[in-house]
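Observations on chain architecture
One-letter residues, chain by chain:
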Amino acid sequence: MRNILITGGAGFIGSHLVRLMVNKYPEYRIINLDKLTYAGNLANLKDVENKSNYVFVKADICDFSMMQSVFTEYGVDGVIHLAAESHVDRSIKDPFAFAQTNVMGTLSLLQAAKLAWEGKFEGKLFYHVSTDEVYGSLQPDGGFFTEKTKYDPHSPYSASKASSDHFVRAYYDTYGLPVKISNCSNNYGSFQFPEKLIPLFINNIRHNKELPVYGKGENVRDWLFVEDHARAIDLIFHRGKVGDTYNIGGFNEWKNIDLIKVIIRVTDRLLGNPEGTSLHLIRHVTDRAGHDVRYAIDSTKLKNELGWEPSLQFEEGIEKTVKWYLENQEWLNNVTSGEYQQYYEKMYGMK
Ligand code: NAD
Ligand code: DAU
């Protein structure tokens, strides 16, 4: 495989994956295809945008004829599909956008891949990057999600991702399209849009703004450093078994309220504030509708079959992450003000 199409490469996880692939595989051509929604920011990729093995294409995955042209023009022989609407709170307000992009967009890409590769599936691959939220919600002492856990999505976001996973498997079972799927837990790290818990709270602490904790803050999430997720995707893409699913997670569960206290402690220390300074910013607000109680991933299969393990301890990852947001205030300002959306125009001279 030489021409790898990465969708959603201007987003949080996608930009880390594009950086890894462009730097690690100079022999590949990495085609980053992204619609540049509010969550897409080409400034995330400044360090690779001039590399000779990197190409950016501004396009909507729902545009089927455009997807067909991209497969033909770039001779795509591998797809890593991340483009999606990804924020649960937005899905509660506007579920249609999630069905459109996550379901119809994935179907459009699958069909473009099938038609482009028909009769020559050998050596081709369609890899779908998915989420642990498709498995639903665990009780506080209710075990782990494995690759065999039945799907039970609750939010419009997770319902749309579950549906896209089903379509990917349907293309494998029905047409023999070579596919892989991974389902990962919550990611944290640099370049995450500051509507998600960790960057939002770091930014709010810096500006002495309230920290809205949904409900009692008892919900549990399983956190993984984003660069470890990107390494896992690279490994599964190259060495995972066609037709298989892999769970990705770091066995790193935190109650939201405990995690928030860690973020406050680390951020206050790095800002030079006495310990506990920002605790008063915590506000318990109305809970998220249908808020899943607990996610916890069992990633034993990935460890046993492919030898993957997270590279960072959580304290180290959080320290790195808080530091990055504090040192990249301009990136945060550009994102929160909308200034980042001009970057594409300045860089590529068109809308
Ligand atoms: P993100 O919201 O930061 O980025 C999504 C990217 O997709 C953006 O660059 C956006 O412009 C692009 N995009 C959206 N709609 C598009 C369309 N119609 N056509 C082309 N591009 C479009 O998301 P993220 O957090 O980086 O997540 C990436 C993928 O990983 C998603 O599929 C998500 O479901 C999955 N995932 C995320 C997490 C997490 O913790 N963030 C965990 C597990 C899985
Ligand atoms: O589990 C993987 C999923 O993790 C991904 O598939 C999603 O794309 C990603 O957005 C993330 O979903 P969450 O809903 O878990 O992430 P979020 O950062 O929005 O919220 C994390 C937890 O913090 C969740 O229990 C809700 C809570 N929360 C969130 C925000 C934004 C708050 O208490 N207050 C907040 O302001």
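Now for a quick tour of the structure. Quick caveat: nothing in here was measured; it's all calculated off a predicted structure. (Residues numbered from 1 in each chain as written. Chains lettered and ligands numbered in written order. Predicted model: local features only at pLDDT ≥ 70, side-chain atom pairs only at ≥ 80, totals over all residues. Heavy atoms only, no water.)

1. Re the packing of helix 10 (residues 314-327) against helix 11 (residues 329-337)
At a minimum axis separation of 5 Å, helix 10 and helix 11 run at an interaxial angle of 70 degrees. Classed by the angle they form, the pair helix 10 and helix 11 counts as roughly perpendicular. In this structure, helix 10 contributes W324, Y325, L326 and E327 to the contact, and helix 11 contributes Q329, W331 and L332. Across the contact of helix 10 with helix 11, the residue classes tally to five nonpolar, one polar and one charged. (Axes fitted to C-alpha atoms, helices over the stretch in contact; angles between N-to-C directions. Helix = DSSP H or I, 4+ residues; strand = E, 2+ residues; numbered from the N terminus. Parallel < 35°, antiparallel > 145°, perpendicular 65-115°, else oblique. Contact = heavy atoms within 4.5 Å. Nonpolar A, V, L, I, M, F, W, Y, C, P; charged D, E, K, R; others polar.)

2. Comments concerning the sheet that holds strand 5 (residues 125-131)
Pairing is parallel across the open sheet formed by seven strands, whose spatial order is 3-2-1-4-5-6-10. The two strands at the open ends of the sheet, each matched to only one other strand, are strand 3 (54-58) and strand 10 (245-248). Averaged over all pairs of adjacent strands, the angle between strand axes in this sheet comes to 20 degrees, irrespective of strand direction. Set on the sheet, helix 2 (residues 64-74) makes contact with strand 1 (3-7), strand 2 (29-34), strand 3 and strand 4 (78-81); between it and strand 3 the angle comes to about 160 degrees. Relative to strand 5, helix 4 (residues 95-117) is tilted by about 165 degrees, and along the sheet it contacts strand 1, strand 4 and strand 5. (Pairing = 2+ DSSP bridges.)

3. Considerations on the site of ligand 2
As a matter of local geometry, ligand 2 sits amid 23 residues, with T131, D132, Y157, R288 and H291 nearest to it. For ligand 2, an oxygen atom lies 2.6 Å from a polar atom in the side chain of D132. The backbone of P212 places a nitrogen or oxygen atom 2.7 Å from a nitrogen atom of ligand 2. When isolated, ligand 2 has an accessible area of 700 Å², and the protein chains bury 94% of it. Only helix 6 (197-206) and strand 8 (211-214) provide two or more residues apiece to the shell around ligand 2. For the shell around ligand 2, a count of residues per class yields 10 nonpolar, seven polar and six charged. (Near = heavy atom within 4 Å. Polar contact = N/O pair within 3.5 Å; in protein donor to acceptor, adjacent residues only side chain to side chain. Areas by Shrake-Rupley, 256 points an atom, 1.4 Å probe, with all protein chains shown as cover.)

These figures come from the coordinates and say nothing about function on their own.
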